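Each chain, letter by letter, is given below.
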Amino acid sequence: MTTTTLAVLVPLLPFLGAAAGLLLGRTAPGFVRPLAVLPTLVSLVLAVLVAVRQGGGQAIDAATELTPTGSVPIELALYIDGFAALVAILVGVVATCVQIYSTGYLRDDPRYPSYAALVSLFTSAMLLVVYSGDLIVLLVGWEIMGICSYFLVGHYWETPEARAASIKAFLVTKLGDVPFLIGLFALATDAGSFRITKVLGTVASGGLDHPTVIALLLLAGVAGKSAQFPLHTWLPDAMAGPTPVSALIHAATMVAAGVYFIARLLPVFEASRAAMVVLAVMAAVTMVGSGLAALAQDDIKRVLAYSTIGQLGYMTGALAVGDRGAAVFHLLSHGAFKALLFLAAGVIIHAAGTNSLAAMSRMRGLRDRVPDAYWTMTVALLALAAIPPFSGFFSKESVLGAAEHVATGHTGQAPGAAGWITLVAGLLTAVLTAAYAMRLWLLAFHGRGAEAPDHGRQPLTMTVVLWVLAVPSLALGGLAYRSLPDWFDGRDLTPTLTTSVLGTGLALVGGIVTYAAWRHTTALASRVPLPLSASLERGHPHGAVAAHPEGDAGLVEAEAIAGHSPAYGGVAYAADPGRLLLGPLHRHAAVGFHLDAVYAALFVRPVQAGASLVRFLDREVVETYVRGAGALPRLLGAAVRRAQTGNVQTYVSALLAGTVVLAVAVLLVATGA
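In this report, the structure presented in the accompanying data block is examined. The shown structure was predicted, so the numbers you read here are calculated from the model rather than taken from an experiment.

1. Observations regarding the pairing of strand β1 (residues 60-67)
Across 7 bridges, β1 lies against strand β2 (residues 74-80) in antiparallel orientation. Paired with T67 across the strands is I74, a residue of β2.

So this is what it looks like as structure tokens:
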């Protein structure tokens, strides 16, 4: 079988699995789980074979014309270089782990068949984006992921949080997709083709007429899809979906698609120095803002969501300094440890019966109830904080090293301003990342209070996946940083001494300061009991809002999301080191610096006011004319109806009277009177 045929099967198999799962979900439920896992697993194996055959050498380029258009052709094209081959393996690994994990996590969910089919379709769409050599075909996968995210985030549609989150995710990403589509057509018009190879050839020859406009239009779509400032607000709210969906979106699909798109078309952005500076500023604001917000969140999944936004900021920062090798390296390592973090969080939520860190901090011995999640999440948090020798250290340092080279003028591939912006923001974010990682670990696993409930071991399908993902979270960076340049652009990814010392030192400072703050706040909180709240009055002894942990993990999470509220009072937050570290900034960071309120004032309310005006005009003006047009004939008809009495004498009298009137009128006209 040729490599091209294998590559075609990689996205095709999950698609076929999704179609079969939807068709057989009700009639043959016993086939649903095999149809969810096996096609994705086989697709992963084929992706590995494609990567082995590609070997980081000459790109695989094949195409066939889809349909004649009369102008710019649209082709079914594959373009698989080292970047595409490795990213496809990441997508396959994470998707397979998510499908296996979901068989246990949602084992009693009545909507599991449709859920599994949508996850397979989501995976197929991302693989199509990764392997596509034509921008229109890439756009198809791009948009399919958008609609899949709408349905998956809204999986618990009974809860208002899930319904609102799914609509918000769809609308915000579509807001970015409109300029993105315009940018794609402008790019194809300048290049004369949607083929990525021809577009890059046009850029190399200086054939782009409007590089800055095109780059900024495309950047708007990337900001929406990859949750970058200012279109990042949908991602934290998307935590209302099932935890495995969060792992898939954050680690290997959707948000990764934007970063991958820029990496694939980086020369287009490099053609405009202004666009590179804008990209750097966007990355810097995203990194720092998300780090501060993560430090103030009470929902464990929202902490991880803001963490994803910040790590994507590192990737876009690497792209802003022109090093797509560093960006994709961090994309690969982040995919492993972020998937692990979310899946471990699902185990913790099930065991604790809540997603509230404030409630977990009042539970003693939670780590003993979930030892697998405890140890694997510890590995993942160390990777997130970029502590050597975990994988996140090597990939994050490659980003900082690339920024340092540009800032100090060692390379001219990007403006020096972009290098300094990325470097300073990256170092500051290193402190914040270590701080919120340490805070999460302490509040979740080192609570003090009543004994955490024991609901037995988690399903094997959930715990095995955690250990599988722990391996690349621990070792991927150290094993890969020497060999990855052969798959990428050949640029060295070895950590530099200066940024390694600064980055690691700042991370240690962030962790140590957070630990000291936690010791202080814990001692303070132990003197005052947790105040009664609505959840306590309902009989939940820890202030937790969920649930029935003896039930299905998905049900527990749905109830926890529906009932979660951060309003545990100031005393509950007294054990939170984030409140002490952020001070008066905490209340602003906890709500994402009020960006949702700003957007509501700037966009939502004006649109609602406009809709109200249109409704008023439609009902009071347009309908008035319509009603009037119908009322006049109705009145005339009523008048005529009154004349129709059925009395023959009346009719004869009217006829004679009319005849007399006509005769008189004729006589007057004839005499000239």
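2. Thoughts on the nonpolar core
Counting residues in each nonpolar core, the largest one holds 194 residues, and the members touching the most others are Y131, W234, F261 and V268. For this core, the element with the highest residue contribution is helix α15 (residues 324-352), accounting for 19 residues. In contact with V268, other than residues within four places in its own chain, are L187, V199, V203, L208, I214, A215 and L218.

3. A word on unusual backbone geometry
Cis peptide bonds are those with omega within 30 degrees of zero, and the linkage from F229 to P230 qualifies with 10 degrees. In this structure, P230 sits in the loop between α8 (211-225) and α9 (234-237). The linkage connecting P388 with the following residue, P389, adopts the cis geometry, with an omega of 5 degrees. Looking at the element boundaries, P389 is found in the loop between α18 (371-384) and α19 (391-407). Phi angles above zero are rare outside glycine, and M254 is one such case at about 55 degrees. Along the chain, M254 falls in the loop between α10 (243-251) and α11 (255-264). According to the relative accessible area criterion, M254 is buried, its value standing at 0%.

4. Description of the pairing of β2
In terms of burial, β2 is a largely internal element, 6 of the 7 residues being buried. Hairpin remark: β1 followed by β2, antiparallel, with 6 residues in the connecting loop; positive phi at G70, about 85 degrees.

Definitions and limits used
- Residues numbered from 1 in each chain as written.
- Predicted model: local features only at pLDDT ≥ 70, side-chain atom pairs only at ≥ 80, totals over all residues.
- Heavy atoms only, no water.
- Pairing = 2+ DSSP bridges.
- Helix = DSSP H or I, 4+ residues; strand = E, 2+ residues; numbered from the N terminus.
- Core = buried A, V, L, I, M, F, W, Y, C linked by side-chain atoms within 4.5 Å.
- Buried < 20%, exposed > 50% of the residue type's maximum accessible area, 1.4 Å probe, protein only.
- Contact = heavy atoms within 4.5 Å.

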